[in-house]
Amino acid sequence: MASAMLSTSVYGAKLNDVITSLYHGDGVQLVDPGGALSHTAHFEDSALHGLSELAVSAAHISYPYPNASGGTVYNYDPVLDDFVESNNQHGLLYTVQAKTLGRGSMAFGVLYSQAEYDEVDGKGLDSITLELEHLDVAGPGRDVCVGGPAPTCYLFENDLVILDVDLAIKTKQLFLYGAIGLTDSFDLEVILPLIENSISIASNASVEEDGTKAFFSPTLHHFDSAINGDAAMSRASATETGIGDLKINGKWNFFSSESLNLASFFEITLPTGEYDNFMGQDEYTFKGSFLGSSLIELAGVPLETHLNIGYKLIDSVDNSELSYALAVEYAFMIDGKSIVTSVELLGAQSIETENGFDDNQMDAAIGASWAVQEGQSLNINYRIPVNDDGLRASHIFSAGYAFSF
Amino acid sequence: MPSRFKYLALSLVITGACTCVQALDIAVVKTRSLPTIDRLMSGFHSVCKIEHNVSIYDMKGSSKQGKKILAKIQRAGVTGAPQTILALGLPAVKLIDHSSINTRLFFAMINDPYGKGSVSRNTPGFTQNLSAEVLLEQVKLTLPGVKRIAIIHSSEVATAKIDKFVSAASLLSLDLTAYFIRSMKDLPDSVLEVIRENDVLLLIPDRNVTNRDSIEFLVTTAITKTFPIIGYNEHLVKAGLMASISPDYLALGRIAAEVICNDRALDDDQYQPQKAALSVNVQALKIIKPELSQQLQEAANHVY
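Computed from a predicted model, the values in this text were never measured in an experiment. (Residues numbered from 1 in each chain as written. Chains lettered and ligands numbered in written order. Predicted model: local features only at pLDDT ≥ 70, side-chain atom pairs only at ≥ 80, totals over all residues.)

1. Some words on the overall build of chain B
And then number 1: Of the regular secondary structure elements, chain B holds 13 helices and 13 strands.
And then number 2: Going through the 304 residues of chain B one by one, you find that 43% of them count as buried.
And then number 3: Considering only contacts in chain B between residues 6 or more positions apart, those separated by 24 or more positions represent 68%. (Helix = DSSP H or I, 4+ residues; strand = E, 2+ residues; numbered from the N terminus. Buried ≥ 20, exposed ≤ 12 C-beta atoms within 10 Å, placed from the backbone. Contact = placed C-beta atoms within 7 Å.)

Okay, here's the thing in structure tokens:
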């Protein structure tokens, strides 16, 4: 086994070039043993390309929704025989409420969110192991065997380069959003994220020799960048800032009563973010959702519940996503200021083939909204994954300010 | 005939001219649509003549919507602004009362309009509470032979109001006892004391006595102790109380229209409804006062 001898740093221009830029961007090149055993000791970088493709899924950012807070609501309490004042305020961040703002009402907000994608399928991104295979020197269907007659010879093409990779993908997002009630039952919303993404990767390579090495004494594969080839250690990092994908939403509240609201919701995502920098998708996406919001009382505690069921079409029916959100809100007062707390369960099920499902991601979020003044609120939210599928951030923190009039 | 025709034409012109002069632009601002508010408006429309231009605005329970209504009324300017506004529910009244709109304002659908500085003292209107006399008379009619009546109240209810009940009871030869509670914690003991010492408990709006947390206790206690508790609106009857006595909103709407549209003078700035409506819960009646069940069902305005 060869060990790390030297480290190097490589800086890629685009974020999705960073991973593949390790080891000079062409896989791992070891020292050519020379002489009769001279060959291209090259280990192919397809595993690094695979990792890079995975990193692109960091572009699937979680958009908040302008669940506009603000404004006082007067509900009639038949027991008190009086109107009871409460704030039209929401602690939700990712679930959409079915109520609309009302004609002429407007809401604006900013939300800062940060996350570090640190897990893939439940495994830490700081301890990924990749295997790079030797270039097929002899050509398809043929093996080169040295050190004796087959089968007591060394099949050096079966050697592997093992990469111990430490990958970090961080994102900071500032969402600017606005909503306007065009009619009493129809809202138009626009959300634009400003994003700073950074990626850094460090890889320590080692050679794992094939079991047939026992039949051959000299070491064919080792690192020595002083002679030729790559160093065992390679690092790369980059940070990019830009706008993300612009989202335009329409919400139509088609049923409204004191205790139940139903709405349909339509989202268009414009590919304004740079795909290569994990800031957006490279195609238009469309999503339609059904929204329901209901006031219930559980053990005497009044709760507002929300249900979202959506279908997102990415580029075809075969590449689409089912999503759902369940949320419960509870409001209380402290020093005359209303605080609304929420718990959200958020799921997305990607559909990659006509026959089946793939990649089921489920998250939970808790949040709170504090009505600092009428029509103004401060929000905080903390989101964690519930299951392991895909590239995930262990923690997503968000904080924002919203106002409406 | 020609001279008769002249007189007829002249009288038509005069009548028409008078009508034009008396026609009013009236704005009705509702806090929210409720069955009781709708009943009041039915009464109002039945009296307010067609020549009056009545515009109805609904806040839909939202302060934002209220602000829009305010802006709309203000935008109407000097010529288009209403001469009178009838605001229904405290939020609607406060909206207009605290605005710069300088229009004659009447309130309605409020329990205690001048309490806790809610409505300006010089704003007249129609309260939601029946006067003590009317209410106690109705209690006597509902439960013939009743003598000892109890009221439970906290500091939410003004002492003057309790005093009025005591005076009215005295005039009606009833023995009324007011039980004071400091908080809802005192309610169970107080109710048991009332049951021991009285014939009926009359609820008046007081959020320390009747609220979402206590209503179940009150209903259960009334059933298990077969003791009559009379509420102040039909929702309490739906919740299980035997009976409730509330204002007749249709009649109240008619009175409001008489004052606003027909210039009838108000004796008091705070008009209290003089006509009551009785609601009964048949199941509770059969348990608590089976002997009165049939009679009260026939007398009731609303039966549940």
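2. Re the overall build of chain A
And then number 1: Across its full length, chain A carries two helices and 20 strands.
And then number 2: Residue burial in chain A is summarised as follows: out of 405 residues, 39% are buried.
And then number 3: Residue pairs at least 24 apart in sequence account for 68% of intrachain contacts in chain A once pairs closer than 6 positions are excluded.

3. Regarding the sheet that holds strand E9 (residues 229–231) of chain B
Residues and elements named next belong to chain B.
And then number 1: Strand order in this open sheet of seven strands is E7-E6-E8-E9-E10-E12-E13, and the pairing throughout is mixed. Only two strands of the sheet have a single neighbouring strand rather than two, namely strand E7 (175–180) and strand E13 (302–303).
And then number 2: For strand E6 (residues 148–153) and strand E8 (residues 200–202), the ladder comprises two bridges, and the chain directions are parallel. The partner of isoleucine 149 across the bridge, within E8, is valine 200. (Pairing = 2+ DSSP bridges.)

4. Thoughts on the nonpolar core
And then number 1: In terms of nonpolar packing, the biggest core is built from 49 residues, with Leu202(B), Ala222(B), Ile229(B), Leu241(B) and Met242(B) touching the most fellow members.
And then number 2: Leu202(B) has contacts with Val139(B), Ile149(B), Ala150(B), Ile151(B) and Ile230(B), leaving out every residue within four places of it along the chain.
And then number 3: By size, the runner-up hydrophobic cluster in this structure holds 44 residues, among which are Phe83(A), Ala87(B), Val93(B) and Ile260(B). (Core = buried A, V, L, I, M, F, W, Y, C linked by C-beta atoms within 7 Å.)

5. Digging into the interface of chain A and chain B
And then number 1: Tallying the contact residues gives 17 residues for chain A and 24 residues for chain B.
And then number 2: Elements supplying a minimum of two residues to the side of chain A that touches chain B: strand E4 (72–77) and strand E5 (82–87) of chain A.
And then number 3: Looking at the side of chain A that touches chain B element by element, the count peaks at five residues for E4(A).

6. Brief notes about the sheet that holds strand E1 (residues 25–30) of chain B
All names here are of chain B.
And then number 1: The six strands lie next to each other as E2-E1-E3-E4-E5-E11, forming an open sheet whose pairing is parallel. Only two strands of the sheet have a single neighbouring strand rather than two, namely strand E2 (53–58) and strand E11 (270–271).
And then number 2: In terms of strand pairing, strand E5 (residues 125–127) meets E11 through two bridges, oriented parallel. Across the sheet, phenylalanine 126 pairs through a bridge with tyrosine 271, a residue of E11.

7. A look at helix H9 (residues 215–224) of chain B
All names here are of chain B.
And then number 1: Among the residues of H9, Ile215, Leu218, Val219 and Ala222 are the ones counted as buried. Down the axis of H9, the buried set is contained in an arc of 95°. They therefore lie on one face. H9 presents Glu216, Thr220 and Thr224 as exposed residues on the side facing more than 90 degrees away from its buried surface.
And then number 2: Just downstream of H9, threonine 226 is the residue with a positive phi angle, here 40°. (Arc of directions from axis to C-beta.)

8. What to know about the confidence of the model for chain A
All names here are of chain A.
And then number 1: Of all residues in chain A, 90% attain a pLDDT of 70 or more, and the chain-wide mean is 82.
And then number 2: The least confident element of chain A, judged by mean pLDDT, is strand E1 (residues 7–10) at 42; the most confident is strand E13 (residues 260–270) at 93.
And then number 3: Note on residues 1–12: pLDDT is under 50 here. Beyond four places in sequence and across chains, it has 43 contacts. (pLDDT = per-residue confidence, 0-100.)

9. Focus: unusual backbone geometry
And then number 1: A positive phi angle, close to 60°, is found at Asp81(A), a residue other than glycine.
And then number 2: With respect to the helices, strands and loops of the structure, Asp81(A) is situated in the loop between E4 and E5.
And then number 3: We note that Met109(B) has phi near 65°; this positive angle belongs to a residue other than glycine.
And then number 4: Using a count of 30 C-beta atoms within 10 Å as the deciding quantity, one classes Met109(B) as buried.

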